[in-house]
Structures are given as C-alpha cells and as structure tokens.
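Spelled out, the chains give:
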Amino acid sequence: MTDRFTFKRVSVVRCVGLIVSTFAMGVAVSQTLPKEGPYDYISCWSGTSNDIAFSKTHGFGTYEFVVNNRTSPPGGPFDMTVGRCVGLGSVFDGKRDNSSLCEAVDKDGDKFIIRNSIEAGKPKQEGFAGTGKYEGMTRIGTSEMLGRFPVIKPGVITGCARQTGTYKMK
C-alpha cells in the first residue's frame, strides 16, 4: 500500500514539474518581442494628486502614480511591466488638458518612456525612448479608461485603462 502511494505521489510531482517547466519555458520564449506588432494590455495605477481648485471653471494640479501592466493572455508585449508616472492636468473654461510621462521597466531591468496626452479630446500614447531590448523602440497608441475606483482618501487616485496600439523595434 505504501509503495503504491509513493509511486502515485512521485508521478504527480513529476507531472506538475513538467507542466511548470513547460509553462516557464513558454513565458521565457514569449518575452522575446517581435520587431513590430500590436500591443493590448490593461494598466492599473494608484498614486497621489495635488489639486488647486481655482474656481468652478478653472483648476489644475500635478499627480504621481505607479502602474502595473498585464496582458491577456499572459506573455504579450509589455506584460508584467511596471511604471512610475508624473503628470500635469488642468481644466480651463471646461476644456481639459492632461499630460504625463511614465518610465516603465520589465523584469530584466530594460526600460522605456511613454508620453500620455489628450489631443482633440482623445487620449494619445507615444513611446519614444528605451534601454536594452527597447532601445530605439517607437510606439503609438491610445488609452481607454476602464473606470476609477472609489476614493479611499482625499488626494489618492486609482484606476485602470486598456492600452492598445502598435510598436516597432529598431
């Protein structure tokens, strides 16, 4: 009875080990980005804002936040990258202006810069500098807000957005 239990246990451990190592190889292979292509991932962030409510029609402020990026399915371009961003926003006579710069880094320590802005009322995202595997990368895309979470404390901002577009490596 003990021999059968030990044999089954070893078989299960071997099977799980094979599945885990196959998954790990798939993730390692997927981290090699093609020279160009589309990207599609979800970014969720949390940070702080420093707002000045000048009047009912005018206001401005700065913000800083950290962001986590995830693709579905896992392993897509820019999956598991993290970033830190700083930005400036304003509202003048009901017209909104917002821009931020973000430094993103992957698990290898390679980095890229993203500029987020609003042009003609639509979000625009540009990538224009990078290090390591991202050196010479350019990218263009858009950002679709998926909603903000409830305010936990005044001055704290949280939310998620879907990032889509195309990139091209050097």
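Details of the structure are given in the entry above.
For the structure given in this document, a descriptive report is provided here.

### Overview of the side chain of Q125
Point 1. Summarising the element assignment, Q125 is placed in strand β6 (residues 122–130).
Point 2. A residue is classified by how much of its surface remains accessible, and Q125, at 4% relative accessible area, is buried.
Point 3. At 3.0 Å, the side chain of Q125 and the side chain of Y39 are in polar contact.
Point 4. A polar contact is formed between the side chain of Q125 and the side chain of N116, at a distance of 3.2 Å.
Point 5. If sequence neighbours within four positions are ignored, Q125 has contacts with Y39, Y41, I114, R115, N116, R139, I140, G141, T142 and Q163.

### Quick notes on the side chain of S90
Point 1. Mapped onto the secondary structure, S90 falls in strand β3 (residues 82–92).
Point 2. Here S90 is in contact with G59, F60, K95, R96 and D97, once residues within four sequence places are set aside.

### Some words on unusual backbone geometry
Note: most residues except glycine have negative phi, and most peptide bonds are trans.
Point 1. Cis peptide bonds are those with omega within 30 degrees of zero, and the linkage from S72 to P73 qualifies with 5°.
Point 2. Note on placement: P73 falls in the loop between β2 (58–70) and β3.
Point 3. Although it is not a glycine, M80 sits at a positive phi angle of roughly 60°.
Point 4. Assignment of secondary structure puts M80 in the loop between β2 and β3.

### Examining the state of the cysteines
Point 1. On inspection of all chains with the given rule, the structure shows two disulfides.
Point 2. Each sulfur of the disulfide joining C44 and C160 lies 2.0 Å from the other. Disulfide C44-C160: torsion about the S-S bond near 105°, hence right-handed. Here C44 is found in strand β1 (residues 36–52), whereas its partner C160 is found in strand β8 (residues 156–168), with 116 residues between them in sequence.
Point 3. Two residues, C85 and C102, share a disulfide whose sulfurs are 2.0 Å apart. On the sign convention where negative means left-handed, the S-S torsion of about 115° between C85 and C102 marks this disulfide as right-handed. With C85 in strand β3 and C102 in strand β4 (residues 95–105), this pair connects stretches of sequence that are 17 residues apart.
Point 4. Going through the chain in sequence order and numbering each bonded cysteine, the pairs you get are 1-4, 2-3.

### So, the sheet that holds β8
Point 1. Taken in spatial order, the eight strands of this closed barrel run β1-β2-β3-β4-β5-β6-β7-β8, and their pairing is antiparallel. The average angle at which neighbouring strand axes cross in this sheet is 25°, direction not considered.
Point 2. Relative to β3, β2 is paired through 11 bridges, and the arrangement is antiparallel. By the bridge assignment for β3, Y63 is matched with G87.

Calculation notes
- Residues numbered from 1 in each chain as written.
- Predicted model: local features only at pLDDT ≥ 70, side-chain atom pairs only at ≥ 80, totals over all residues.
- Heavy atoms only, no water.
- Helix = DSSP H or I, 4+ residues; strand = E, 2+ residues; numbered from the N terminus.
- Buried < 20%, exposed > 50% of the residue type's maximum accessible area, 1.4 Å probe, protein only.
- Polar contact = N/O pair within 3.5 Å; in protein donor to acceptor, adjacent residues only side chain to side chain.
- Contact = heavy atoms within 4.5 Å.
- Disulfide = S-S within 2.5 Å.
- Pairing = 2+ DSSP bridges.
- Axes fitted to C-alpha atoms, helices over the stretch in contact; angles between N-to-C directions.

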